[in-house]
Structures are given as structure tokens and as C-alpha cells.
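# Inside the fold
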Amino acid sequence: MAWTAISTRNETLPIVRGGWLDALRFIVAGLIILHHFQGAGPVALAEGLHPVFERGGFLLTNFFLIDSGYVLMRVYGASVAAGRMSAGGFFLKRYLRVLPAHLLMGLGLVALIVVGGAMGFSPRAPEWFRWDQLWAQLSLTQAFGVPGGYGWNAPSWSISALIGCYLVFPWLLKGVMRLGPWSVLALGVGGYLAANQLSWSLFGYPIYQMPMGYGFIRALPLFGLGVALAWFAQKVWISPKLAGWGGIGAALLLAFVQYFDKHALVSLACISVIILAAGATPTPRPSKWVEKAAQVSFSMFITNEVVRIAWFGVANVAIARLALPVGAQWALWVGGVIAAFAFAWAFHFVIDNPIQTRIRSWLKGRSRRPGGVTQPVVSLEG
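Here the structure is a predicted model, which is why all the values come from computation and not from measurement.

### Comments concerning the overall build of the protein chain
Each helix and strand in the protein chain was counted, giving 12 helices and 2 strands. For the protein chain, the α and β elements follow one another from N to C terminus as β-α-α-α-α-α-α-α-α-β-α-α-α-α. A globule of 382 residues ought to have a C-alpha radius of gyration of about 21 Å, and the protein chain, at 22 Å, matches this closely. For the protein chain, the spread of C-alpha atoms along the principal axes amounts to about 70 × 55 × 50 Å. Each of the 382 residues in the protein chain was classed as buried or not, and the buried ones make up 49%. Put simply, of all contacts in the protein chain between residues at least 6 apart along the chain, 75% involve residues at least 24 apart. Only carbon and sulfur atoms are counted for the fraction: they give 68% of the accessible area of the protein chain, which is about 18,400 Å². Where the 28 positive side-chain charges of the protein chain centre and where its 12 negative ones centre are 12 Å apart.

Pasting the structure below:
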């Protein structure tokens, strides 16, 4: 089959750092910060501007999970399939990528609550900081039906769910590589639709409303869809012009439908097209700044809730005691958003990146065989 704009005969583009996919990762991480901060101002952005700021959690989480499957498939798929990276090695690499930063933020939040309590400051919503909820979260088991895990650094449920997806990835890979790209794409889309319909039939709500305690069930169909999109992208060449216009059109449609309602399936289709388009659009001049921004995106995700709690814990006390006017309250809100970005960059370069450098060195040493031959290790992070 060979069409003008879509072909299985032409060579597809490899993904590169500093390109459109990296730009999307940073943009989405920034929007996640705005979503988590939107309710902390004098007026919630969802009330004062547009309800999409409240629905952003649904949209951005879907993007995060699909993009994770897409990028991991394109970066690690060939190595895991060829045996150059074992299933255990893949899981260990991904698990150690997220665990240190997660633990540091979780323990930092514990210290914040304990020290604040000793100084006489209590959380405005103490139900979000119950001690019986902490252990499931710190162990990243809260998305598998383990009691606990609510509150504290609440967005980490999606990291917990992804750990299950990391375990499943090698098995997904075996199934995917036996099929053609169009069949895999149909299975990815059909698998999500089937999971969504099953959720409606069993529980009376769509799969994206699955409670955080069962987040793995919500995440796996989206992660699998991302894997299917990646396999399709690796096998089917898409004209850069078609990819560019398709991505722009999908982004505009996604923004348009949000004016009326969530439109979950339409939104999901738009997100999928945007990711496909970003992977198929050439990057003649990769940007080092975009690459660095994408590398910081994980730190932005894992730290922003802790920054929000700390910043507005102080800001709300100042507002109440000093009777600050609305203008000053908005200034504090803007300062909090800036602080979230700044803290994430500092955390990445000062703490997370040095830790990951040591972990990568350890993993490379671990991969050496007794004869001294080193097994190839993929260095490009997903």
C-alpha cells in the first residue's frame, strides 16, 4: 500500500531529543501545574475563566499515560524485543527513574506537615494528610487496590499505575510485534473502547473515572493505546505536511470541544492524533533548550503538589492575618506558579539529575557480563 500521504514503504522518522515530542512533554507538565494551582487563587480559574481548567486533570492525565506508552515503545521496544535489555532490566531502569524523586517529595511533605504542626500551623484540609494513607503512597502501591494512598502527594497515583504498566510492557511488546501496524492500531483503539464499555457495564461510570485506588485499571488501556500508536508510527510513514496539519487540527478541535463538555472519546482521539503528529513531524534543528525542558518535566510533575501545599500554606496565613486585598492575593498566586516552575528546575539539576547519573552508572556496571563484555544499555530516557 502506498498513498501520497501515508505509506508502509517509506522509512519512518526516528524520534529525537529537542523535537516536538519533547516540547509537548514540557507544555503538558506546565499545564498540569496550572491545573493543580487553578483553585488556589481568589477565584478558581475554572469559575472565572473556563471549566476546562478543572477538566484539565482528565485531559492531561490521559496525555501523560498515552505518551508514556508511545515514548517507551519507541525508545525501548527494539532493545527489549531483541533481548539486549531484559524485562527485569527494563523494569528496574524505569522503577529507579521514578522512585528516588517520589520518595524525596513524599518525605519532604511529611517533614513539612510535622514541622508546621510543631510551630502551630495545621493544614486547612487535614483529611488529605492522614497517616494511615501515607505508606501505600510512599511504596507506590496505591493504584493496585492497596488500602491507603489518598492525599499527601496525590498525583503520584499515576506513577504507581505506570509501574504496573512497566511490568506489563514486555508482554504487550510480544503481542504487538506479531501483528501489522493497522491491526495493532485497531487493537489499541478497540482495547480502550472495550475497557471503557466494560467499566460502564460493571460500575456505571467510564474508565477514566476509575478511583485512584484502582488507577492501574484506568492506566493500562491508555498505556496500551500509546504502545499501539508507537508501533503504527514505526511502520507507517506519514507525510510531514499531513502530520503538521493533522496535529494543528486536532489541537484546535480539542480546545473547541472543551467549551461544551468533556467529550471524552473525542478528546482522546485528538490527543492520540497530536502525539502521532508530533512523532511524525521532522525536527531539522533539535533545540537543546527544548530537550532540557522535557527532561525537567518529570520534576515538574512530581514536585508541584508539594510546592503548592507549602506555598499556599504560608500565603493563606498571610492573607488572613494581613487582610490582603484581591490584587495582592493574585500576586501571591502568580508567585506560587513561578515558584513551582523554579523549584522543579532546581530539583532536577541539583538533586534528581545527579541521583539518576549515579543510578545509570550502577546499571551499566550491573549489565556487564562476567567476561567483561557490556550489554548495550539504552541511554535515551523516556
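### Some points on the confidence of the model for the protein chain
The pLDDT averaged across the protein chain works out to 86; a share of 91% of its residues lies at or above 70. Least confident of the elements in the protein chain is strand S1 (residues 6–7), whose mean pLDDT is 58; most confident is helix H8 (residues 215–235), at 94. For residues 371–382, every residue scores under 50 in pLDDT, and the model assigns this stretch 31 contacts once sequence neighbours within four places are set aside.

### Overview of the packing of helix H1 (residues 20–37) against helix H10 (residues 264–280)
Closest axis-to-axis distance for the H1/H10 pair is 7 Å, and the angle between their directions is 140 degrees. The pairing of H1 with H10 is recorded here as oblique in orientation. In contact with Trp20, Leu21 and Leu24 of H1, H10 contributes Ile274, Ile275, Ala278 and Gly279. Residue composition of the contact of H1 with H10, by class: 6 nonpolar, 1 polar and no charged.

### A word on the side chain of Asn304
Within the element layout of this structure, Asn304 appears in helix H11 (residues 288–322). We classify Asn304 as buried; its relative accessible area is 0%. From its side chain, Asn304 meets the backbone oxygen of Met300 in a polar contact 3.0 Å long. Discounting chain neighbours no more than four positions away, the residues touching Asn304 are Ile32, Ile33, His36 and Phe37.

Basis of the calculations
- Residues numbered from 1 in each chain as written.
- Predicted model: local features only at pLDDT ≥ 70, side-chain atom pairs only at ≥ 80, totals over all residues.
- Heavy atoms only, no water.
- Helix = DSSP H or I, 4+ residues; strand = E, 2+ residues; numbered from the N terminus.
- Rg over C-alpha atoms; globule rule 2.2 N^0.38 Å.
- Buried < 20%, exposed > 50% of the residue type's maximum accessible area, 1.4 Å probe, protein only.
- Contact = heavy atoms within 4.5 Å.
- Areas by Shrake-Rupley, 256 points an atom, 1.4 Å probe, with all protein chains shown as cover.
- Lys, Arg positive; Asp, Glu negative; His and termini not counted.
- Charge placed at Lys NZ, Arg CZ, Asp CG, Glu CD.
- pLDDT = per-residue confidence, 0-100.
- Axes fitted to C-alpha atoms, helices over the stretch in contact; angles between N-to-C directions.
- Parallel < 35°, antiparallel > 145°, perpendicular 65-115°, else oblique.
- Nonpolar A, V, L, I, M, F, W, Y, C, P; charged D, E, K, R; others polar.
- Polar contact = N/O pair within 3.5 Å; in protein donor to acceptor, adjacent residues only side chain to side chain.

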